[in-house]
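Chains, contacts and geometry: an overview
Given next are the chains, with one letter for each unit.
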Protein chains: 2
Amino acid sequence: MAETAEKQEALSKTRLRLWLKLLKSVNGIEAEIRRNLRDQHGTTLPRFDVMSALARFPDGLKMSELSTFLKVSNGNVTGIVDKLTEEGLVLRVAVPGDRRAQVARLTPKGRTAFEELAAHHESWIDELLEGWSADDIAALSSRLDLVLKRQSQEESGNAK
Amino acid sequence: MAETAEKQEALSKTRLRLWLKLLKSVNGIEAEIRRNLRDQHGTTLPRFDVMSALARFPDGLKMSELSTFLKVSNGNVTGIVDKLTEEGLVLRVAVPGDRRAQVARLTPKGRTAFEELAAHHESWIDELLEGWSADDIAALSSRLDLVLKRQSQEESGNAK
DNA sequence: GATTTTTATTTCAAGCCTAAAATTTCAAGC
DNA sequence: GCTTGAAATTTTAGGCTTGAAATAAAAATC
């Protein structure tokens, strides 16, 4: 079932237009979340992301695990964790048996603060995706799995 | 047709999970595009975005029009256009009758460079969205319209 | 056990981005 | 024709991000 070159070309353009629309939508949602975090909570998305990651791992994450998980550079998380530590939301704990490594953990204060943020975050998303049904979501989700699958393949290809 | 509170809560969680997956997918695609622009063309996404905007307006765009169109700050485009101008890809043209304003335009060299970039960009997207049919795209596109509609409403609400 | 390599993290330099202040010019009202 | 306010742009200060260099400790090799 060979498609014609014309159809392939049209599909390529259609995909490009979709990508631009998708990017615009996602950037818009992200901008609103950043705005809400700043205006309503005096914080930022990178800080929320770090706290969110640490909330999933109650025993804490090593700095390098944190940067891998968030897909940002090591130097980046250093700065963010520094700030969160100064504010008493995160704690650096020495790893027994390895004096190079440190584990970052949420403090009780940090956990409480995160839970507050997370609840609001969920409700913002719920509003922003108003009109999306469970079926809509399932359909998109399966298409996104295609994208993510490709990405994880590529990653393993790039592995050193 | 009142849904139960339980269903509403489940939908909210489902939407949140979708959002996280969507963000991961889009960030992954964007990261690959940035990588390709850097490694294959020695340029960056912000530069590509500026050139792309200027390519759509052969008569050029005022600096403020450019920043509005791209949804970035004025100061931001100043720096990017500075660099592109130094490299001979963009030209600043005085606006007759208004000595405050300047129009940024692609030079012929800039246009050629952009067309080269744009062709590659389209093919990268085409590969990254491999497996997305015209029907998939149409379905998602209509859901995204919901999001974009909400965003444009909000914008006009925020207008000064 | 000394040397080399790898691993974990931080520091650094540079680019991107924003919001706000500063500059220059235009337009309106007097 | 001044003055005041608005508009277009650039400059500035500060935060985020990266990739690469630097530091320090662990692990592997000899």
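Presented here is a report on the structure given in the accompanying data block. Because the structure is predicted, anything quoted here is derived from the model rather than measured.

The helix and strand inventory of chain A stands at six helices and three strands. Relative to a compact globule of 160 residues, whose C-alpha radius of gyration would be 15 Å, chain A shows 20 Å and is clearly more extended. Considering chain A as a whole, with its 160 residues, one finds that 38% of them fall into the buried category. Once local pairs closer than 6 in sequence are excluded, the contacts in chain A between residues at least 24 apart make up 50%. If you sum the accessible surface of chain A, you get close to 9,400 Å²; carbon and sulfur atoms cover 52% of it. For chain A, the centre of its 24 positive side-chain charges and the centre of its 24 negative side-chain charges are spaced 6 Å apart.

A word on the nonpolar core. Membership of the largest hydrophobic core comes to 78 residues, with the highest contact counts inside it found for Trp 19, Ile 33, Leu 66 and Trp 132 of chain A together with Trp 19, Leu 66 and Trp 132 of chain B. Once residues within four sequence positions are removed from consideration, Trp 132 of chain B is found in contact with Leu 11, Arg 15, Leu 18, Leu 140, Arg 143, Leu 144 and Val 147 of chain A together with Ile 137 and Leu 140 of chain B.

To continue, consider helix α3 (residues 63-70) of chain A. Residue and element names in this part refer to chain A. Residues of α3 that are buried include every one of Met 63, Leu 66 and Ser 67, and no others. The arc that holds the buried residues of α3, viewed along the axis, is 95 degrees, so those residues lie on one side. At the C-terminal side of α3, Lys 71 shows a positive phi close to 60 degrees.

Residues and elements named next belong to chain B. For helix α4 (residues 74-86), spanning 13 residues, the distance from its first C-alpha to its last is 19 Å, which sits close to the expected 18 Å at 1.5 Å a residue. Turning to α4, its buried residues are Val 77, Ile 80, Val 81 and Leu 84. The buried residues of α4 occupy an angular sector of 100 degrees when projected down its axis, which confines them to one face. Every exposed residue of α4 that faces more than 90 degrees away from the buried side is listed here: Gly 75 and Glu 86. Check the buried side of α4 and you find it contacts α2 (45-56), α3 (63-70), β2 (90-95) and β3 (98-106). Of the residues flanking the end of α4, it is Gly 88, one or two places downstream, whose phi is positive at about 80 degrees.

Bringing the interface of chain B and chain A into the picture now. Taken residue by residue, the interface counts 49 residues in chain B and 49 residues in chain A. Here chain B and chain A share an interface that buries about 5,100 Å² over both sides, 63% of which is from carbon and sulfur atoms. The interface formed by chain B and chain A contains 10 salt bridges. For the pair chain B and chain A, the number of links is 24 residue pairs in polar contact (both at pLDDT 80 or more). Every element with two or more residues in the side of chain B that touches chain A is listed here: α1 (5-41), α5 (108-128) and α6 (134-158) of chain B. Here the element with the most residues in the side of chain B that touches chain A is α1 of chain B; it accounts for 22 residues. Per-class residue counts for the side of chain B that touches chain A are 21 nonpolar, nine polar and 19 charged.

Least-squares fitting of chain B to chain A yields an RMSD of 0.1 Å, with the transformation described by 0.0 Å of translation along the axis and a rotation of 180 degrees. In short, the pair behaves as if placed about a two-fold rotation axis. Among all residues of chain B, the minimum C-alpha distance to the rotation axis is found for Leu 140 of chain B, at 3.5 Å. A shared binding surface is used by both copies, with 100% of the interface residues of chain B retained as interface residues in chain A.

The subject of this paragraph is the protein's contact with DNA strand C. Around DNA strand C there are 22 residues in total, and Ser 64, Thr 78, Arg 100 and Gln 102 of chain A together with Ser 73 of chain B lie nearest to it. Restricting the count to atoms of DNA strand C within 4 Å of the protein gives a sugar and phosphate share of 74%. Thr 78 of chain A places a side-chain nitrogen or oxygen 2.8 Å from a phosphate oxygen of DNA strand C. One of the side-chain nitrogen or oxygen atoms of Arg 92 of chain A is found 3.3 Å away from a phosphate oxygen of DNA strand C.

Definitions and cut-offs
- Residues numbered from 1 in each chain as written.
- Chains lettered and ligands numbered in written order.
- Predicted model: local features only at pLDDT ≥ 70, side-chain atom pairs only at ≥ 80, totals over all residues.
- Heavy atoms only, no water.
- Helix = DSSP H or I, 4+ residues; strand = E, 2+ residues; numbered from the N terminus.
- Rg over C-alpha atoms; globule rule 2.2 N^0.38 Å.
- Buried < 20%, exposed > 50% of the residue type's maximum accessible area, 1.4 Å probe, protein only.
- Contact = heavy atoms within 4.5 Å.
- Areas by Shrake-Rupley, 256 points an atom, 1.4 Å probe, with all protein chains shown as cover.
- Lys, Arg positive; Asp, Glu negative; His and termini not counted.
- Charge placed at Lys NZ, Arg CZ, Asp CG, Glu CD.
- Core = buried A, V, L, I, M, F, W, Y, C linked by side-chain atoms within 4.5 Å.
- Arc of directions from axis to C-beta.
- Expected span 1.5 Å × (residues − 1).
- Buried area = accessible area lost by both parts, 1.4 Å probe.
- Salt bridge = Lys/Arg side-chain N within 4 Å of Asp/Glu carboxyl O.
- Polar contact = N/O pair within 3.5 Å; in protein donor to acceptor, adjacent residues only side chain to side chain.
- Nonpolar A, V, L, I, M, F, W, Y, C, P; charged D, E, K, R; others polar.
- Least-squares fit on C-alpha atoms with pLDDT ≥ 70 in both.
- Near = heavy atom within 4 Å.

Fair warning: the whole summary comes from geometry, so function is off the table for now.
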